[in-house]
Amino acid sequence: QIDIANESGPVSIMNRLYVAGYGERLSLYGPTKTQRQSFDIARSQYGVWRRDFDKLVFDDLRALKKKATRAGAPWSPGLGASPTGG
């Protein structure tokens, strides 16, 4: 696939949304079939991305934090409240 910057490879969600919205601003007729398709693909891609992101943050990262704590890793910023209360 070719994106709007003429680069080969996967087309980003942002590029699809750009295509979906750009022509709409210049038209009195509403979105074209291509713009609607671009929006539908972006919505689908976002759903997949969001599912993967949520799994990473809420499952994988939590499991990694627990594993690191059990292994004796020292507390560091970003882990939440300091285990020593300070």
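Values in this document were obtained by computation on a predicted structure and should not be read as measured data.

## Quick look at helix 1 (residues 13-22)
For step 1, the next point in the chain: Where helix 1 is concerned, the buried positions are N15, R16 and A20. The buried residues of helix 1 occupy an angular sector of 140 degrees when the element is viewed end-on, so they sit on one face.
For step 2, the next point in the chain: The inward-facing, buried residues of helix 1 abut helix 2 (33-70).

## Section: a nonpolar patch on the surface
For step 1, the next point in the chain: There is a patch of nonpolar side chains on the surface, built from M14, L17 and F39 and spanning about 300 Å² of accessible area.
For step 2, the next point in the chain: Relative to the helices and strands, L17 resides in helix 1.
For step 3, the next point in the chain: You can call L17 partly exposed: its relative accessible area is 35%.

## What to know about the side chain of S38
For step 1, the next point in the chain: Tracing the backbone through its elements, the reader meets S38 in helix 2.
For step 2, the next point in the chain: Under the relative-accessibility criterion, S38 is labelled buried at 6%.
For step 3, the next point in the chain: The contact partners of S38, leaving out residues within four places of it in the chain, are R16, V19 and A20.

## Comments concerning helix 2
In an α-helix, one turn spans 3.6 residues, which is why side chains three or four residues apart end up on the same side.
For step 1, the next point in the chain: For helix 2, built from 38 residues, the straight-helix expectation of 56 Å at 1.5 Å per residue is met to within 8% by its first-to-last C-alpha distance of 54 Å.
For step 2, the next point in the chain: A bend of about 35 degrees at L56 is the largest found in helix 2.
For step 3, the next point in the chain: Listed as buried for helix 2 are Q35, S38 and A42.
For step 4, the next point in the chain: Along its buried surface, helix 2 packs onto helix 1.
For step 5, the next point in the chain: Backbone geometry just downstream of helix 2 places G72 in the positive-phi region, at approximately 90 degrees.

## Examining the packing of aromatic side chains
For step 1, the next point in the chain: Throughout the structure, instances matching the rule amount to two aromatic pairs.
For step 2, the next point in the chain: Plain terms: the ring middles of W49 and F53 are 5.0 Å apart, the flat faces sit at 10 degrees to each other, and that makes the pair stacked. One end of the pair is W49 and the other is F53, both in helix 2 and four residues apart, which spans about a single turn.
For step 3, the next point in the chain: Owing to a relative accessible area of 44%, W49 belongs among the partly exposed residues under this scheme.
For step 4, the next point in the chain: Here F53 falls in the partly exposed class, since its relative accessible area comes to 35%.
For step 5, the next point in the chain: By the ring-pair criterion, three or more aromatic residues cluster together here, those being Y46, W49 and F53.

Quick notes on the rules
- Residues numbered from 1 in each chain as written.
- Predicted model: local features only at pLDDT ≥ 70, side-chain atom pairs only at ≥ 80, totals over all residues.
- Heavy atoms only, no water.
- Buried < 20%, exposed > 50% of the residue type's maximum accessible area, 1.4 Å probe, protein only.
- Helix = DSSP H or I, 4+ residues; strand = E, 2+ residues; numbered from the N terminus.
- Arc of directions from axis to C-beta.
- Contact = heavy atoms within 4.5 Å.
- Patch = residues over 30% accessible without salt bridge, like charges linked within 9 Å, V, L, I, M, F, W, Y side chains within 5 Å.
- Areas by Shrake-Rupley, 256 points an atom, 1.4 Å probe, with all protein chains shown as cover.
- Salt bridge = Lys/Arg side-chain N within 4 Å of Asp/Glu carboxyl O.
- Expected span 1.5 Å × (residues − 1).
- Bend = angle between axes of the 7 residues up to and from the residue.
- Phe/Tyr/Trp six-rings, centres within 6.5 Å; stacked < 30°, edge-to-face > 60°.

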